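# Structure at a glance
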Amino acid sequence: MNEQSPSSKYPHTPDGRYFVVRGRLWRASNPFLDEQTKRHLVKQLMSARRAVRQAEGDPDRLAAARSRVDTAKVALGERGPVWWNDEEPDFNRQLVRKTPYAAWFSGISK
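Before going into details, it helps to say that this report is about the structure given with it. Within any chain, residue numbers begin from 1 and follow the written order of that chain's sequence. Owing to the predicted nature of the model, reporting of local features is limited to residues with pLDDT of at least 70; listing and counting of side-chain atom pairs is limited to 80 or more, with chain, interface and lining totals taken over all residues. Hydrogen atoms and water are omitted, and side-chain values are computed over all heavy atoms in the structure.

### Some remarks on the packing of aromatic side chains
Aromatic pairing here means that ring centres of Phe, Tyr or Trp (its six-membered ring) are within 6.5 Å. Orientation follows from the plane angle: under 30 degrees is stacked, over 60 is edge-to-face, and everything else is tilted. A full pass over the atoms with the stated rule returns 7 aromatic pairs. For the ring pair F32 and W83, a centre distance of 6.2 Å and an interplane angle of 75 degrees mean the geometry is edge-to-face. Residue F32 is found in the loop between β2 (24-27) and α1 (35-54), and its partner W83 is found in the loop between α2 (59-76) and α3 (102-108); the two are separated by 51 residues along the sequence. For W83, a relative accessible area of 15% translates into the label buried. Pairing W83 with W84 gives two aromatic rings, centres 5.1 Å apart and planes at 85 degrees, and the pair type is edge-to-face. Accessibility classification places W83 together with W84 in one group, the buried group. Grouping aromatic residues by their ring pairs yields a cluster made of Y18, F32, W83, W84, F91 and Y101. The helix count covers DSSP runs of H or I at least four residues long, the strand count covers runs of E at least two residues long, and both are numbered beginning at the N terminus. Only protein chains enter the area calculation, which uses a 1.4 Å probe; residues under 20% of their type maximum are buried, those over 50% are exposed, and those in between are partly exposed.

Quick look at the structure:
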């Protein structure tokens, strides 16, 4: 199965830590996860996202579904503790132009 992740259509930083959407950095999934684990976690994430849509109007179900989304994203490495170990800061959700990736991004976005 050769699934393409949504982030694959967006530019990734040279270190692979982030992809850029509309000028904002989003943390990529942990590349050290084995394929089976990653596939399982992505299925959990998609199921949780469907539950969020289905929970509209029910605050308790919505909170539970959002918690499932967060749990899956943390397990994938997209939220929570960073998956790299070189003590570099996390720039998740920040505007790329305000980060050390600004020069790289300006070079590819022309």
